[in-house]
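# Descriptive analysis of the structure
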Amino acid sequence: MVRFKHRYLLCELMSDDPRCRLSLDDRVLGGLVRDTIARVHGTFGAAACSIGFAVRYLNAYTGIVLLRCRKEFYQLVWSALPFITYLENKGHRYPCFFNTLYVGGTIRTCQKFLIQYNRRQLLILLQNCTDEGEREAIQKSVTRSCLLEEESGEEELSDGGEEAAEAME
Amino acid sequence: MSNAKERKHAKKMRNQPTNVTLSSGFAADRGGKHHNGGGKPFPAQKHELHSGTSRQRQTKITPHSLPEPDGNEQSSSKVMFRKKGGWKAGPEGTAQEIPKYITASTFAQARAAEISAMLKAVTQKSSNSLVFQTLPRHMRRRAMSHNVKRLPRRLQEIAQKEAEKAVHQKKEHSKNKCHKARRCHINRMLEFNRRQRKNIWLETHIWHAKRFHMVKRWGYCLGERPTVKSHRACYRAMTHRCLLQDLSYYCCLELKGKEEEILQALSQMCSIDTGLTFAAVHCLSGKRQGRLVLYRANKYPRELLGPVTFIWKSQRTPGDTLGIRQLWIWLHPTLKQDILEELKAVCQCTDPFKSAICIPDSLLVSSQEKSQTELPDEKIGKKRKRKDDGENAKPIKKVIGDGTRDPCLPYSWISPATGIIINDLTMEMNRFRLIGPLSTSILTEALKTASVHTGEEDTEKIPHCWWSEACKNPDSVSLHHRQQAIFELLGGIASPAEIPAGTILGLTVGDPRINLPQKKFKALTNPEKCQDKESIRQLLLEGVPVECAHSFIWNQDICKSVTENKISDQDLNRMRSELLVPGSQLILGPHESKIPVLLIQQPGKVTGEDRRGWGSGWDVLLPKGWGMAFWIPFIYRGARVGGLKETVVHSQYKRSPNIPGDFPDCPAGILFAEEQAKNLLEKYKRRPPAKRPNYVKLGTLAPFCCPWEQLTQDWESRVQAHEDSSEASSPNGKESDLRRHEVPYTSTSEKTSQPSDELGTSRNHPGEPEEVMDTECQGQAGPERVVGQEVSENHVASTGGQLCVLRSRILLKQLSAWCGPSSENSRAAWRAPSRGQQGLTREACLSILGRFPRALVWVSLSLLRKGSPEPHTMICIPTEEDFLQLHKDRHCCGPQESKHSDLFKSKILKQKEKKKKEKRQTRGCAASEGLAGRDPPARQGALTQGLWSGPLPRVTSHCSRVLLGFVTQGDFSMAAGCGEALGFVSLTGLLNMLCNQPAAQRGLVLLRPPTSLQYRFARIAIEV
């Protein structure tokens, strides 16, 4: 299909400071990444990456961020991400770093990966959990997500074919 | 970003999870919870989840107003959240201290929420494409679009939903039977019979429906034109080979009674003025077919009913001594109702007549009989059928003839006084028309005269007892042999035009299916086959003798038995397959059907000088039920089939009026014109105003219909006005007498408006023909004119100024002589044969005008140079300058009409604005005001941009050239090689024009199509 091809970077924001998450906002995040690219790759890099760059999804609770950029220059963005060491908002600086989980061609593949990833995380959490009450709570949430998966499990499987039609910007 | 773009984006993103930031975290959490199956719908959730932009705004506001949502938040998860005091403490985080410990449950919950949100996004289809379009090419299958099961199973559910949506849009298709059941013979027959109930099907309907564009017209389903591109091919077939048409939709009315009685009754309906009547010698003997136009009783020349053809049954028939004659009147279905009513009135046939011959009865009887005879077949059919079909098994029979007929209505009427019986024989016979020079050879190839029964075997078991009866009579046998001889002679004739017009030949032929050729081929004339030149010459000279016109088709009982005893195609094919030598001739012997047919020669072009006899051919009359049995053999001999369009083309090239479009004075013609105007207007309105011609600017007042009434009235008042003005301006007697005639004519042609000016011009340029005439007529002109006027007034008073079409042959001949170009030499030449005719004089014109004050004349026009006219083209009178220009430059195309201004455009604009304003007002105001404001928009509905609205102004003087008439048929004529048109002009206008034109250029007119400003020269001709 004739379209602009993009790359989607699924990243996880890791921070020790919970307040860092608080100030997480797509505008802030976008600015931060842009600045970093400009710092690392210079004006050329900043200009090359600014076309089609966007923060597609952001979850402050889990720290999941989905960045979009053009396929030609995604490596510039990718290589710039490790250089983000702090998040600045309203005069506060919170140290943090980005952990790139996945690089995908469509939003859909990233979402699928995220589902797998989260599920895995939950299981790990369940295994490592020691507290009885918490264990129960986690179990509940795991089953909840799994139940939903069962409901729509078939449909989820069906999405493999739909990637071609997925023309998200 | 434009609004539409935004919407599109929103649509695309509707299924995507939105950002979850801490400040608005509750919402997301709530949303997530909802998805998790918490089942607690929150009112705020919906709009929060919807668009990212609104979310953005909210994030900005919420940090300050955070406690409030907190307060009314009773979500369980929230409560739990708070109690535990998770590591991310919600919106109050800024105010709170850093939590002391981290709980895994919140962490897990956040993950779970995200999973569910993502799952939802992933599972939903986001694009607009259909499901199967998402599959890669190699996995697609042809039937996927309608058969869900062709899709991979994982997609079937979604596809099902999609299909349901689409099904509602599609037409509901009855599926009470499967395809196989629907195709089964009995069910198909049922279905066909059902579909024939509304519109009559011809017997060749199925054949036509596969190859033609079908239209429902006049209560029939008729083929309009072939689906293949064949305009030129059909023309070639007409000219060089053979074109076949199914004219079975023509109606036949039968009159039975004493000859004198019928003639007396019918003489009221026709006039000797228009040509030969029912009493013409050749026709009355039954030798020829006649054609005439019928009027309402004693109303000639007004109230036309329509043109008909008729045949008398030949007198010399065995057992017809009482003087009872049979007359068939064939007419177009649109005219049938009027003519039938009038015939009944004229013959005083009021009582419905029931007898053995009566058609509805015979129909019923025959159907019952047939069902009895075909009992074994029926039983076989029943076995296969389902039970619910059992009840209606009996009426399953192919409908032959008129399927729409109501058996309760009478189709036969008798007059108690005169004993005349009128039968409606519509659809009781098939009528095929073969046009073209090869039609005779096709007929002789396809039809073989029936073999005479030797009479040894007993006649009881043979179904065709009528034929064996006839064979016992030596008279009829000898007659049959004579007919056979003449029919064989026909094969040696090059073209049917060589035979006298309207010749009738009766025949009894064998089953034409038996000698059907293996392959389609083109039958050619074979002059070597017929060596008997002498008898051919005699045939051409004398025509077919009267006795040979006899045919058994006149006898209803025989026709019925022939229809019933037809061997079905299936049986015939079975017998053929049982032949010992495959492909050899099938010999049925006495079991072969004998079919009485009637061949009628159709004269082609009978008027005019050129191409005489073009388009001549044969009409074949067959008893019903035998249509397809004859149709296929004709086609296998190389006949090409045409539809209604070819009929129109045929009549146009023949320069004969087409029924019913070219009879503007008969009810059917008026109806036709109205319908045509409606259709054209609809078609016109479908285009946007910028993409359609603006007829107001083009000066076309009536682009979709021809306002005959107004045209004739305008011409009448025009002539009168000029006469009055001239009389008023010149008091002295003798001079006024002179001018009275000169002035109107010259002034009309020059189109000057001031009377003084007219006088001057008339004195200055007296046309040369006028000079001659006036010297002649000075004396008598005065009184005669007065008489003429009186007569005309009487006519107008008596008929209410109705228009009529001039059909008097004498007057038409005179007019046609006047119309020709007349240089001195040629004038003498063409005058010589017609000594008795008057010259083009004033008094002659006036006497004609007196008798026909508002008459139209049928004219044919051929263009001098370029241009192909179309229907509704205007016929105009050229001015003197135009002639000068034509004289100077032989290659000039003609004058141009200057562009008119659109008076209505501003009006339309104003009304549009007004409407808008009113809309605004009514929106604000109460209903009472809206009621008042409703009137103007209704009026505005009539206004269409580009069309003249309201009553038409004077049609004749609207453009720079004076309007004379309109074209009803026009196209490039392949027969003549130039544009040709047929139409009507006002008689008053025509005479006016002829008087004023110089002799050398007499008969030249200008044609202007409705969509063009260009006038083109054409020559007018009246062909009688």
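Residues numbered from 1 in each chain as written. Chains lettered and ligands numbered in written order. Predicted model: local features only at pLDDT ≥ 70, side-chain atom pairs only at ≥ 80, totals over all residues. Heavy atoms only, no water.

The subject of this paragraph is the overall build of chain A. Counting its regular elements, chain A contains six helices and five strands. When the helices and strands of chain A are listed from N to C terminus, the series reads β-α-α-β-β-α-β-β-α-α-α. A separation threshold of at least 6 residues defines the contact pool for chain A, and within that pool the share at least 24 residues apart is 71%. Counting every atom, chain A has about 8300 Å² of accessible surface; 53% of that belongs to carbon and sulfur. (Helix = DSSP H or I, 4+ residues; strand = E, 2+ residues; numbered from the N terminus. Contact = heavy atoms within 4.5 Å. Areas by Shrake-Rupley, 256 points an atom, 1.4 Å probe, with all protein chains shown as cover.)

Moving on: the overall build of chain B. On a plain count of helices and strands, chain B comes out with 39 helices and 23 strands. When burial is assessed residue by residue, chain B has 52% of its 1024 residues classed as buried. Nonlocal contacts in chain B, meaning residues at least 24 apart in sequence, comprise 77% of its contacts between residues at least 6 apart. Here chain B has roughly 50200 Å² of accessible surface; of this, 54% comes from carbon and sulfur atoms. (Buried < 20%, exposed > 50% of the residue type's maximum accessible area, 1.4 Å probe, protein only.)

What follows covers the pattern of salt bridges. Residues and elements named next belong to chain B. Scanning all chains against the criterion turns up 23 salt bridges over all chains. Residues arginine 655 and glutamate 980 are paired through a salt bridge, measuring 2.4 Å at the closest nitrogen-oxygen approach. A residue pair is termed long-range when its members are at least 10 positions apart, and arginine 655 in the loop between α25 (644–653) and α26 (667–685) and glutamate 980 in strand β21 (residues 978–986) qualify at 325 residues. By relative accessible area, which is 11% here, arginine 655 ends up buried. The shortest N-O distance in the salt bridge between arginine 961 and aspartate 882 comes to 2.6 Å. In this pair, arginine 961 sits in the loop between α38 (935–940) and β20 (962–973) while aspartate 882 sits in helix α35 (residues 880–888), placing the two residues 79 residues apart along the sequence. Accessibility assignment for this pair places arginine 961 and aspartate 882 in one class, buried. Through salt bridges with shared partners, a single ionic network connects Arg296, Lys299, Glu303 and Glu342. (Salt bridge = Lys/Arg side-chain N within 4 Å of Asp/Glu carboxyl O.)

Turning to the side chain of glutamine 601 of chain B, a few remarks are in order. Residue and element names in this part refer to chain B. Relative to the elements of secondary structure, glutamine 601 occurs in strand β14 (residues 594–602). Residue glutamine 601 is classed as buried on the basis of its relative accessible area, which comes to 1%. Within polar-contact distance, the side chain of glutamine 601 engages the backbone nitrogen of glycine 502 at 2.9 Å. Excluding residues that lie within four positions of it along the chain, glutamine 601 makes contacts with Gln289, Pro496, Ala497, Ile499, Pro500, Ala501, Gly502, Thr503, Ser616, Gly617 and Trp618. (Polar contact = N/O pair within 3.5 Å; in protein donor to acceptor, adjacent residues only side chain to side chain.)

The predicted coordinates ought not to be read in detail in places where the model reports low pLDDT. When pLDDT is averaged along chain A, the result is 79; 85% of the residues meet or exceed 70. Within the model, the stretch residues 151–169 of chain A combines pLDDT values under 50 with 48 contacts to residues more than four positions away or in other chains. (pLDDT = per-residue confidence, 0-100.)

Residue and element names in this part refer to chain B. Residues Arg183, Lys210, Arg211, Arg232, Arg236, Arg241, Lys520, Lys522 and Arg640 make up a contiguous surface patch of positive charge. Within the residue set of the positive patch, elements represented by two or more residues are α11 (205–211) and α12 (231–239). Turning to its location among the elements, lysine 520 is positioned in the loop between β13 (504–510) and α21 (533–542). (Patch = residues over 30% accessible without salt bridge, like charges linked within 9 Å, V, L, I, M, F, W, Y side chains within 5 Å. Lys, Arg positive; Asp, Glu negative; His and termini not counted. Charge placed at Lys NZ, Arg CZ, Asp CG, Glu CD.)

Let us now look at the side chain of arginine 431 of chain B. All names here are of chain B. The residue arginine 431 is located in strand β12 (residues 429–435) in this model. Separated by 3.3 Å, the side chains of arginine 431 and glutamine 289 make a polar contact. For arginine 431, the side chain forms a polar contact with the side chain of aspartate 619, separated by 2.6 Å. Excluding residues within four positions of it along the chain, arginine 431 makes contact with Gln245, Asp246, Leu247, Ser248, Gln289, Thr309, Trp330, Ile600, Gln602, Asp619, Val620 and Leu621.

Before going further, it helps to examine the sheet that holds strand β5 (residues 251–258) of chain B. Sheet strands associate in pairs through backbone hydrogen bonding, adopting either a parallel or an antiparallel arrangement. Residues and elements named next belong to chain B. The sheet built from seven strands is open, its strands ordered β6-β7-β8-β5-β11-β10-β9 with antiparallel pairing. Edge positions in the sheet fall to β6 (290–295) and β9 (351–352), since each of these pairs with one other strand and no more. By the bridge criterion, six bridges tie β6 to strand β7 (residues 304–312) in an arrangement that is antiparallel. Bridged to glycine 290 within β7 is phenylalanine 310. (Pairing = 2+ DSSP bridges.)

For the rest of this paragraph, the subject is the packing of helix α19 (residues 465–472) of chain B against helix α20 (residues 474–490) of chain B. All names here are of chain B. Close contact between α19 and α20 brings their axes to 5 Å; oriented N to C, the two are set at 100 degrees. Compared by their axis directions, α19 and α20 come out roughly perpendicular. Every residue of α20 that contacts α19 at Trp467, Ala470, Cys471 and Lys472 is listed here: Pro474, Ser476, Val477 and His480. Of the residues in the contact of α19 with α20, the class split is five nonpolar, two polar and one charged. (Axes fitted to C-alpha atoms, helices over the stretch in contact; angles between N-to-C directions. Parallel < 35°, antiparallel > 145°, perpendicular 65-115°, else oblique. Nonpolar A, V, L, I, M, F, W, Y, C, P; charged D, E, K, R; others polar.)

Residue and element names in this part refer to chain B. Cis geometry marks the peptide bond from isoleucine 659 to proline 660, where omega comes out at -5 degrees. Tracing the backbone through its elements, the reader meets proline 660 in the loop between α25 and α26. Not every positive phi belongs to a glycine, and glutamate 303 is a case in point at roughly 55 degrees. Among the structural elements, glutamate 303 can be located in the loop between β6 and β7. Of note, the phi angle at arginine 655 is positive, near 60 degrees, even though the residue is not glycine.

So, about the pairing of β5 of chain B. Residue and element names in this part refer to chain B. For β5, the tally of buried residues reaches seven of eight residues, placing the bulk of the element in the interior. Here β5 runs beside strand β8 (residues 324–331); their pairing, made up of eight bridges, is antiparallel. Along β8, the bridge assignment pairs glutamate 254 with tryptophan 328. Taken together, the four bridges between β5 and strand β11 (residues 421–424) define a ladder with antiparallel strand orientation. Bridging from a neighbouring strand, lysine 256 pairs with isoleucine 421 of β11.

A few words on the sheet that holds strand β16 (residues 640–641) of chain B. Residue and element names in this part refer to chain B. With mixed pairing, six strands are arranged side by side in an open sheet as β13-β14-β15-β12-β4-β16. Both outer strands of the open sheet, β13 and β16, are each paired with one neighbouring strand and no more. Bridge count between β12 and strand β15 (residues 617–623): seven bridges; the pairing is antiparallel. Within the sheet, the bridge partner assigned to methionine 429 lies in β15 and is proline 623.

So, on to the confidence of the model for chain B. Residues and elements named next belong to chain B. Considering every residue of chain B, the mean pLDDT works out to 73; 70% of them sit at 70 or more. When the criterion is pLDDT under 50, residues 355–395 qualifies, and its contacts beyond four places in sequence or with other chains add up to 40 contacts. With a pTM of 0.64, the predicted complex shows an ipTM of 0.74.

A few words now on the packing of aromatic side chains. With the rule as written, the count across this model stands at 27 aromatic pairs over all chains. Ring geometry for tyrosine 74 of chain A versus tryptophan 78 of chain A: centroids 5.7 Å apart, planes at 25 degrees, classification stacked. With tyrosine 74 of chain A and tryptophan 78 of chain A both in helix α3 (residues 74–80), this residue pair falls four residues apart, about one helical turn. A residue is classified by how much of its surface remains accessible, and tyrosine 74 of chain A, at 17% relative accessible area, is buried. Among the aromatic residues, those joined into a ring-pair cluster are Trp207, Phe212, Phe432 and Trp631 of chain B. The lysine or arginine in question, arginine 93 of chain A, covers the ring of tyrosine 86 of chain A, its NZ or CZ lying 3.8 Å from the ring centre. (Phe/Tyr/Trp six-rings, centres within 6.5 Å; stacked < 30°, edge-to-face > 60°. Lys NZ or Arg CZ within 6 Å of the ring centre and 35° of its normal.)

With that settled, the discussion passes to the nonpolar core. Residues and elements named next belong to chain B. Within the largest apolar cluster, 64 residues are counted, with the highest numbers of intra-cluster contacts made by Leu815, Val857, Leu861, Leu987 and Leu990. Here this core gets seven residues from one element, more than from any other, and that element is strand β18 (residues 855–863). If sequence neighbours within four positions are ignored, leucine 987 has contacts with Leu806, Leu815, Ile848, Leu849, Phe852, Ala855, Leu856 and Val857. Of all hydrophobic cores here, the second largest spans 63 residues; its members include Val215, Leu263, Leu335 and Ile504. (Core = buried A, V, L, I, M, F, W, Y, C linked by side-chain atoms within 4.5 Å.)

Turning next to α35 of chain B. Residues and elements named next belong to chain B. By the burial criterion, the buried members of α35 are Asp882, Phe883 and Leu886. Buried residues of α35 fall within an arc of 100 degrees about the axis and therefore sit on the same side. With respect to the buried face of α35, the exposed residues turned more than 90 degrees away are Glu881, Leu884, His887 and Lys888. In this fold, the buried residues of α35 make contact with β22 (1004–1008) and β23 (1016–1021). (Arc of directions from axis to C-beta.)

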